[in-house]
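Below are the chains, spelled out letter by letter.
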Amino acid sequence: MKQNLDWQNIGFGYRKTELRYVSEYKNGQWDEGVLTGEDMITITESAGVLQYAQTCFEGLKAYETADGRIVCFRPDLNAQRMIDTAKRLEMPPFPAERFLEAVDKVVRANESWVPPYGSGATLYIRPYMFGSSAVIGVNPAEEYQFRMFVTPVGPYFKGGLQPNKVRISDFDRAAPRGTGNIKAGLNYAMSLHQTVLAHEEGFAENVYLDPATRTMIEETGGANIIFVDREGRLIVPVSSTDSILPSITRRSIVHVAREMLGIEVIERIVRFDEVSNFTEMGLCGTAAVISPVGLIDDHGKEIRFASGMETAGPVITRLYETLTGIQMGTVEAPEGWIHEIP
Ligand code: PLP
Ligand code: COI
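## With respect to the site of ligand 2
Next, step 1: Every residue close to ligand 2 is listed here: Phe 57, Gly 59, Tyr 124, Arg 126, Tyr 156, Lys 183, Gly 222, Thr 286 and Ala 287.
Next, step 2: In the environment of ligand 2, an oxygen atom lies 2.6 Å from a nitrogen or oxygen atom belonging to the side chain of Tyr 124.
Next, step 3: At 2.8 Å from an oxygen atom of ligand 2 is found a side-chain nitrogen or oxygen belonging to Lys 183.
Next, step 4: Here ligand 2 loses 90% of its free accessible area of 280 Å² to cover by the protein chains.
Next, step 5: Using a 2 Å cut-off from the grid points, one finds that ligand 2 occupies the largest pocket.
Next, step 6: The residue inventory of the shell around ligand 2, partitioned by class, reads four nonpolar, three polar and two charged.
Next, step 7: Taken together, domain 1 (7-153) and domain 2 (164-328) each give at least three residues to the shell around ligand 2, which thus spans both.

Now the structure itself:
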């Protein structure tokens, strides 16, 4: 039995579900891990996460397919990215096979919360890890918790497939040679001020330029960026300072475009001053899926894309339909992309 929710209108928010997974790291090893109904966490006031923001997370989704199976999209890549993040933050990596087992357990344990096929909602899975033991000098904690909960979500941006307005941020989200390429909680803490300002001004997101020269496009606060040029090619920004999060959605879109749709893809540095030559722009990520952008505001100067503010442009629409078709099981997936929850 499904939960009794108005699935079409649930929005992107947290709802407490039945069971979450927790594994604790003590004396140099992870314990066997359990599912628990307890959603509250008690830790020391001096925990590494509370004092020095030693925390990281992942985000992936479970989908119900037309024939009633529950599947996840490339969870192995989330497991690996969390390992990469943990290493950079001096946290003990949580083994990939255990991450995948936890996904299976948590999703199955909360299956009544998986939104129905075709509702437009999905089950968001949030793995995270934090330093739980006391620190006072600036050092990594000795104990950690790895946790994973799920919550049903609708579209991340209010309009769904309606084109969004974004603005150029005056602040950076990452430093050159900093932590922009990992999924550290601190990257999001320092984006909150800009996010509040953007929302107050009516923009869905901030576009961050490269932190070294502020002349090149990097990404937004919660999604990578793709463009389409006049020749219909997909232009994918790369970072000169390795400060873009390696989005799994973006890497998948590049493959889908090249190998399945015959779209030419160019991954290269994109200067901000050439963006006005492009015809379409999209934000891509687990939460964002592929959300079209109609205009970028640069301190009052507007860059408008030919695709306009009414609907997504043709290339973004094709990519969106193919990607979501793969995720929901209506388009054949490349080998290894779909993991069925047993
Ligand atoms: N960039 C940032 C800063 C993000 O927080 C996310 C979300 O995970 C993404 C990009 C998209 O990554 P993915 O497609 O792996 O969800
Ligand atoms: C995701 O897409 O999973 C993210 O973590 C982005 C976040 C802004 C919700």
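## Comments concerning the layout of surface pockets
Next, step 1: Volume-wise, the largest pocket comes out at about 1100 Å³.
Next, step 2: Contributing to the lining of the largest pocket are 44 residues, with Phe 12, Tyr 156, Tyr 188, Gly 222 and Ala 287 lying nearest its centre.
Next, step 3: Looking at the lining of the largest pocket, the elements with two or more residues in it are β4 (55-57), β7 (122-131), α4 (185-189), α5 (192-200), β10 (205-209), α6 (248-260) and β15 (280-285).
Next, step 4: Of the residues that constitute the lining of the largest pocket, the class distribution is 20 nonpolar, 17 polar and seven charged.
Next, step 5: Per-domain counts for the lining of the largest pocket show at least three residues from each of domain 1 (7-153) and domain 2 (164-328).
Next, step 6: Volume-wise, the second largest pocket comes out at about 400 Å³.
Next, step 7: If you trace the second largest pocket, you find 26 residues lining it, with Gly 120, Val 289, Tyr 320, Thr 324 and Met 328 closest to the centre.
Next, step 8: The leading source of residues in the lining of the second largest pocket is helix α7 (residues 314-328), at five residues.
Next, step 9: Per-class residue counts for the lining of the second largest pocket are 14 nonpolar, 11 polar and one charged.
Next, step 10: Of the residues that make up the lining of the second largest pocket, three or more belong to each of domain 1 (7-153) and domain 2 (164-328).

Thresholds, definitions, all that
Along every chain, residues carry numbers that run from 1 in the direction the sequence is written. Ligands are numbered from 1 and chains lettered from A, in the order in which they are written. The predicted nature of this model means local features are confined to residues of pLDDT at least 70 and side-chain atom pairs, given and counted, to a pLDDT of 80 or more, with totals for whole chains, interfaces and linings taken over all residues. Calculation of side-chain values draws on the structure's entire complement of heavy atoms; hydrogens and water are dropped beforehand. A cutoff of 4 Å decides nearness: a residue is near a molecule or strand if any of its heavy atoms lies inside that distance of it. Each polar contact in these results corresponds to two N or O atoms within 3.5 Å; when the atoms are within protein, one needs to be able to donate a hydrogen and the other to accept it, and residues that are neighboring in sequence are counted only if both atoms are side-chain atoms. Only the protein chains shown count as cover for residues, and the accessible areas themselves come from Shrake-Rupley with a 1.4 Å probe. Cavity: a set of points on a 1 Å grid over the protein atoms alone where a 1.4 Å probe fits but cannot get out. Pocket: an open set with protein on both sides within 12 Å along at least five of seven lines, its lining residues, like those of a cavity, having an atom within 4 Å of a point. Here the criterion for a molecule occupying a pocket or cavity is that more than half of its atoms lie within 2 Å of the pocket grid points. In this count, Pro and Cys sit with the nonpolar residues alongside Ala, Val, Leu, Ile, Met, Phe, Trp and Tyr, while Asp, Glu, Lys and Arg are called charged and the others, Gly among them, polar. An automatic or database domain assignment provides the domain bounds reported here. Grid points are joined across faces, edges and corners, and a volume is the space filled by probe spheres set on the points. Put simply, DSSP H or I for four residues or longer makes a helix, DSSP E for two residues or longer makes a strand, and each gets a number counted from the N terminus.

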